[in-house]
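Structural characterization, general
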Amino acid sequence: MTTNKTNRSRSFDKYIQAKLKDPEYVREYINGTLSALDDEDDAGPEEVLATLIGCLRDIVEAHGGVNKFSKMIPELHRSTLYAIFSAPEKRKGGPEFLTVLRIMKVCGVSLKVA
């Protein structure tokens, strides 16, 4: 969280982080975000992946951050998670599909085909 945010946005951040501790809200958050992208005709796979990673980053932050979260996924090194959750322009490609599924599992969500 940056220090130049207004009090109003900090309050919203705290509100969202509290909501993201609820597994039902997490599912709604991801589904709603991806559904909004689905409504856009020009959303490509890179944008969908970046959006999903952004959602997962928010969930991880709500549950104590990458350092704490990395202990729940022994197959992934903490630095790998930091790289995955870094800004898209700093990332070198996207994570492997299996890695995204591992992160989703620890976040309490799964992938379903509609």
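Residues numbered from 1 in each chain as written. Predicted model: local features only at pLDDT ≥ 70, side-chain atom pairs only at ≥ 80, totals over all residues. Heavy atoms only, no water.

We now examine the overall build of the protein chain. When you go through the protein chain residue by residue, the secondary structure sums to 6 helices and 0 strands. Put simply, the protein chain runs from its N terminus to its C terminus through helices and strands in the order α-α-α-α-α-α. Over its C-alpha atoms the protein chain spans a radius of gyration of 14 Å, differing by no more than 12% from the 13 Å that the globule rule assigns to 114 residues. Taken over the C-alpha atoms alone, the protein chain extends approximately 35 × 35 × 30 Å along its principal axes. In the protein chain, which comprises 114 residues, the proportion classed as buried is 31%. Considering only contacts within the protein chain whose residues lie at least 6 apart along the sequence, 53% involve residues at least 24 apart. (Helix = DSSP H or I, 4+ residues; strand = E, 2+ residues; numbered from the N terminus. Rg over C-alpha atoms; globule rule 2.2 N^0.38 Å. Buried < 20%, exposed > 50% of the residue type's maximum accessible area, 1.4 Å probe, protein only. Contact = heavy atoms within 4.5 Å.)

On to the side chain of T99. Inspection of the secondary structure puts T99 in helix α6 (residues 97–107). Once residues within four sequence positions are removed from consideration, T99 is found in contact with L76 and I84.

On the surface, a cluster of negative charge is made up of D38, D39, E40, D42 and E47. Counting through the fold element by element, D42 comes out in the loop between α2 (23–38) and α3 (45–62). (Patch = residues over 30% accessible without salt bridge, like charges linked within 9 Å, V, L, I, M, F, W, Y side chains within 5 Å. Areas by Shrake-Rupley, 256 points an atom, 1.4 Å probe, with all protein chains shown as cover. Salt bridge = Lys/Arg side-chain N within 4 Å of Asp/Glu carboxyl O. Lys, Arg positive; Asp, Glu negative; His and termini not counted. Charge placed at Lys NZ, Arg CZ, Asp CG, Glu CD.)

For the rest of this paragraph, the subject is the side chain of S70. If you trace the backbone, S70 turns up in helix α4 (residues 66–70). The class for S70 is buried, based on a relative accessible area of 9%. A polar contact is formed between the side chain of S70 and the backbone oxygen of N67, at a distance of 2.8 Å. The residues touching S70, leaving out its near neighbours within four places in the chain, are L76, R78 and L81. (Polar contact = N/O pair within 3.5 Å; in protein donor to acceptor, adjacent residues only side chain to side chain.)

Take the nonpolar core next. Core analysis: the biggest nonpolar cluster contains 25 residues, and L20, I30, L56, F85, I103 and C107 have the highest contact counts within it. Every element with two or more residues in this core is listed here: α2, α3, α4, α5 (78–84) and α6. Looking at this core, the element that brings in the most residues is α3, giving 7 residues. Those residues in contact with L20 that lie beyond four places of it in its chain are Y25, V26, Y29, D58, I59, A62 and H63. (Core = buried A, V, L, I, M, F, W, Y, C linked by side-chain atoms within 4.5 Å.)

Let's shift gears to the packing of aromatic side chains. All told, the structure shown has 2 aromatic pairs when counted by the stated rule. Centre to centre, the rings of F12 and Y15 are 6.3 Å apart; their planes meet at 35°, and the pair counts as tilted. A residue pair is termed a helical-turn pair when its members lie 3 or 4 positions apart in one helix, as F12 and Y15 do in helix α1 (residues 7–19) at 3 residues. Pairing Y25 with Y29 gives two aromatic rings, centres 6.2 Å apart and planes at 25°, and the pair type is stacked. Of this pair, Y25 and Y29 are both found in helix α2, 4 residues apart, which corresponds to roughly one turn of the helix. (Phe/Tyr/Trp six-rings, centres within 6.5 Å; stacked < 30°, edge-to-face > 60°.)

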